[in-house]
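Structural overview
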Amino acid sequence: MITCFIRYEIDPFKRDAFEAYAKNWGDAIPRCGADLIGYFAPHEGSATVAYGVYNITSLADYEAYRQRLAADPAGRSNYEFAKREQFIRKEDRIFLKLASTPHAALVRP
C-alpha cells in the first residue's frame with residue numbers, strides 16, 4: 001500500500017471553490033479505485049496550502065485509477081470545474097509508504 005499526498009497551492013480568495021472541489025471527490029475517488037483519506041483546506045497559518053490524501057495498492061494501480069477517474073463523469077466534471085474557476089495555482093504529488101505502526105489506530109489509556 002502506498003499513500004499519495006497531493007499538495008495544492010490555492011488562491012486564498014477562492015478557498016470556498018477548493019472546498020467544493022474537495023467534497024466533489026468524495027464519491028468519485030473511491031468509485032474509481034483509491035481509498036480516500038480526505039482533503040484538507042487551510043484553516044490556520046497558511047491561507048494557500050491544501051492537501052488531498054488517499055491510499056492505493058501500487059503505482060501500476062495508480063495509473064489505472066487515474067484513467068478511470070479521468071473517464072468518470074463526476075471526475076471529468078470536477079477537473080473542468082477546477083480549470084474553469086482557476087483556484088488551484090500549483091499541484092504536486094508525492095507517494096509515500098508507511099514506515100511505522102499506524103499510531104492513530106492504537107488504543108491509548
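Residues numbered from 1 in each chain as written. Predicted model: local features only at pLDDT ≥ 70, side-chain atom pairs only at ≥ 80, totals over all residues. Heavy atoms only, no water.

Section: helix 3 (residues 73-85)
The periodicity of an α-helix, 3.6 residues per turn, causes residues three or four places apart in sequence to face the same way. A rise of 1.5 Å per residue sets the reference length of helix 3, with its 13 residues, at 18 Å; its end C-alpha atoms lie 18 Å apart and thus fit the reference within 8%. All of the buried residues along helix 3 are Gly-75, Asn-78, Phe-81 and Ala-82. Considered in projection along helix 3, the buried side chains sweep an arc of 120° and stay on one side of the axis. Along helix 3, the residues that are exposed and aim more than 90 degrees away from the buried face are Pro-73, Lys-83 and Arg-84. (Helix = DSSP H or I, 4+ residues; strand = E, 2+ residues; numbered from the N terminus. Expected span 1.5 Å × (residues − 1). Buried < 20%, exposed > 50% of the residue type's maximum accessible area, 1.4 Å probe, protein only. Arc of directions from axis to C-beta.)

What about the nonpolar core?
The biggest cluster of nonpolar side chains holds 24 residues, and the ones touching the most others in it are Tyr-8, Phe-18, Tyr-21, Tyr-39 and Tyr-65. Every element with two or more residues in this core is listed here: strand 1 (2-10), helix 1 (15-32), strand 3 (49-56), helix 2 (59-71) and helix 3. In terms of residues, this core owes the most to one element, helix 1, which gives eight residues. Each residue touching Tyr-8, except ones within four places of it in the same chain, is listed here: Phe-18, Tyr-21, Tyr-39, Thr-48, Val-49, Ala-50, Tyr-51, Gly-52, Ile-88, Lys-90 and Glu-91. (Core = buried A, V, L, I, M, F, W, Y, C linked by side-chain atoms within 4.5 Å. Contact = heavy atoms within 4.5 Å.)

Some words on empty space enclosed by the protein
One pass over the full model with this rule turns up one cavity of 30 Å³ or more. Its volume calculated, the largest cavity comes out at about 60 Å³. Taken together, 13 residues make up the lining of the largest cavity; nearest its centre are Trp-25, Tyr-39, Arg-66, Tyr-79 and Arg-93. Among the secondary structure elements, those contributing two or more residues to the lining of the largest cavity are strand 1, helix 1, helix 2 and strand 4 (88-96). (1 Å grid on protein atoms, 1.4 Å probe; cavity = no way out; pocket = protein on both sides within 12 Å on 5 of 7 lines; lining within 4 Å. Points joined across faces, edges and corners; volume = space filled by probe spheres on them.)

Description of unusual backbone geometry
One non-glycine residue, Gln-86, lies in positive phi territory at about 50°. By the secondary structure assignment, Gln-86 is in the loop between helix 3 and strand 4. Taking relative accessible area as the criterion, Gln-86 reaches 57% and is therefore assigned exposed.

A closer look at the state of the cysteines
Enumeration according to the criterion identifies zero disulfides in this entry. With no disulfide partner, Cys-4 has as its closest neighbouring cysteine sulfur the one in Cys-32, 14 Å distant. Taking the relative accessible area as the measure of exposure, Cys-32 reaches 4% and is therefore buried. (Disulfide = S-S within 2.5 Å.)

Some thoughts on the pairing of strand 3
Both faces of the sheet carry side chains from a regular strand, because those side chains alternate between them. Most of strand 3 sits inside the fold, with seven of its eight residues counted as buried. The pairing of strand 1 with strand 3 spans eight bridges and is antiparallel. Considered in strand 3, the bridge of Tyr-8 is made with Ala-50. Here strand 2 (residues 35-40) runs beside strand 3; their pairing, made up of five bridges, is antiparallel. Paired with Tyr-39 across the two strands is Gly-52, which belongs to strand 3. (Pairing = 2+ DSSP bridges.)

By themselves, these observations are geometric and do not establish any function.
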